Amino acid sequence: MSPPSPRRARFTAAALRTPRRLLVLPASVLLGAALGAGYGVVKAPQYAATSYVIVVPGEKSDPAAALGFAQAYGRVATDIAVTGDAQVWAGVSAATLRASVQAATSPDAPMISITARSATPAKAVSMADGVARALVTNSTHVSGSTGVKVVQFSRATKPVAPVSPSAPLSALVGGCAGGLLGGLALLVRPQRAARTDARHSRQATATAAVPGPTAAQQQPQPEREAV
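Bear in mind the structure is a predicted one, so any value in this text is a computation, not a measurement.

## Remarks on the overall build of the protein chain
Within the protein chain, the secondary structure is distributed over ten helices and four strands. When the helices and strands of the protein chain are listed from N to C terminus, the series reads α-α-β-α-α-α-α-β-β-α-α-β-α-α. Counting only residues that meet the buried cut, the protein chain has 24% of its 227 residues in that class. Here the contacts in the protein chain between residues at least 6 apart in sequence split such that 78% fall between residues at least 24 apart. Counting only carbon and sulfur atoms, one obtains 62% of the accessible surface of the protein chain, whose full area is about 15,100 Å².

## Some remarks on helix α7 (residues 121-141)
Compared with the 30 Å implied by 1.5 Å per residue over 21 residues, the 31 Å span of α7 between its first and last C-alpha is a close match. The set of residues buried in α7 consists of P121, A124, V125, M127, A128, D129, G130, V131, A132, A134, L135 and S139.

## Brief notes about the nonpolar core
Ranked by internal contacts, the top residues of the largest apolar core, which has 28 residues, are V55, L97, I114 and L135. Within the residue set of this core, elements represented by two or more residues are β1 (47-57), α3 (65-75), α4 (77-83), α5 (86-90), β3 (111-118), α7 and β4 (148-154). The biggest single contributor to this core is α7, with eight residues. Filtering out sequence-adjacent residues up to four positions away, L135 remains in contact with V53, Y73, A77, I80, I114 and V150.

## Looking at the sheet that holds β1
Taken in spatial order, the four strands make up an open sheet running β2-β3-β1-β4, and their pairing is antiparallel. The open sheet has two free edges, formed respectively by β2 (101-105) and β4, since each of these has just one partner strand. The mean angle between the axes of side-by-side strands here comes to 25°, regardless of whether they run parallel or antiparallel. By the bridge criterion, eight bridges tie β1 to β3 in an arrangement that is antiparallel. Within β3, the position partnered with T50 by the bridge is T115. Across the sheet, α3 is in contact with β1, β2, β3 and β4; its angle to β1 comes to roughly 145°. Sheet strands in contact with α7 are β1, β2, β3 and β4, and its direction is about 15° off that of β1.

## Some details on the pattern of salt bridges
Taken as a whole and judged by the stated rule, the model has two salt bridges. For D79, the salt bridge identified is with R98, shortest N-O distance 2.8 Å. Linking D79 in helix α4 with R98 in helix α6 (residues 94-100), this pair joins segments that are 19 residues apart in sequence.

## Overview of the pairing of β2
Relative to β3, β2 runs antiparallel, the two being bridged by five bridges. Across the sheet, residue A103 finds its bridge partner in β3, namely I114. The loop that links β2 with its antiparallel partner β3 comprises five residues.

## Some points on the side chain of S100
Here S100 is to be found in helix α6. Beyond its immediate chain neighbours, meaning those up to four positions away, S100 contacts T115, A116, R117 and M127.

## Comments concerning the side chain of S113
One can find S113 in strand β3. Given a relative accessible area of 16%, S113 falls into the buried group. If sequence neighbours within four positions are ignored, S113 has contacts with T50, S51, Y52, Q102, A103 and A104.

Reading the values: the criteria
- Residues numbered from 1 in each chain as written.
- Predicted model: local features only at pLDDT ≥ 70, side-chain atom pairs only at ≥ 80, totals over all residues.
- Heavy atoms only, no water.
- Helix = DSSP H or I, 4+ residues; strand = E, 2+ residues; numbered from the N terminus.
- Buried < 20%, exposed > 50% of the residue type's maximum accessible area, 1.4 Å probe, protein only.
- Contact = heavy atoms within 4.5 Å.
- Areas by Shrake-Rupley, 256 points an atom, 1.4 Å probe, with all protein chains shown as cover.
- Expected span 1.5 Å × (residues − 1).
- Core = buried A, V, L, I, M, F, W, Y, C linked by side-chain atoms within 4.5 Å.
- Pairing = 2+ DSSP bridges.
- Axes fitted to C-alpha atoms, helices over the stretch in contact; angles between N-to-C directions.
- Salt bridge = Lys/Arg side-chain N within 4 Å of Asp/Glu carboxyl O.

Taken by themselves, the reported measurements are silent on function.
As structure tokens, this is what we get:
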């Protein structure tokens, strides 16, 4: 019985690999969904609270300057909070303030929003209000040179629901990510297989092109008689 040709062998190997390739995408989706759900269950929920302050010009300052100072205060809000008394008012460390508090400004109004995130609603409120209070205090100390001051516009309200994704949402995101990675893996593997098959085909062609020994070369030569 003659051995199978290289083309037939490659076809058989590809047929054996096809059922396994069909399982890659569902397995990737299930694995991603499981990891996402586990992350959503293990990770503590995060609550967000936002406090608002507004920059107002002094009696002898240009009203348009308030908008520029609002942008400046928004960029250094966490630094002012760390150097001020926000740590005491919020009851957290300076590193927690830097990592958990973000300040945003508006291009149209001299207003600053201060958003704090924490595992408990009360702590998120205390951090947001603490940073806002630190901005108000700092602006009062330097109002003589800046000509503006920061005023409390709205205190933070206690959040009633977390802003972090729930376990079902995390599972959905994880499943989508797993399906995407599985699809990319299926797209990459045929290219590698095609390159491997092409290399094997070239090797087989080169082997077939090498001429074998002729009949004259294979026939044993007669021994010479000794004189």
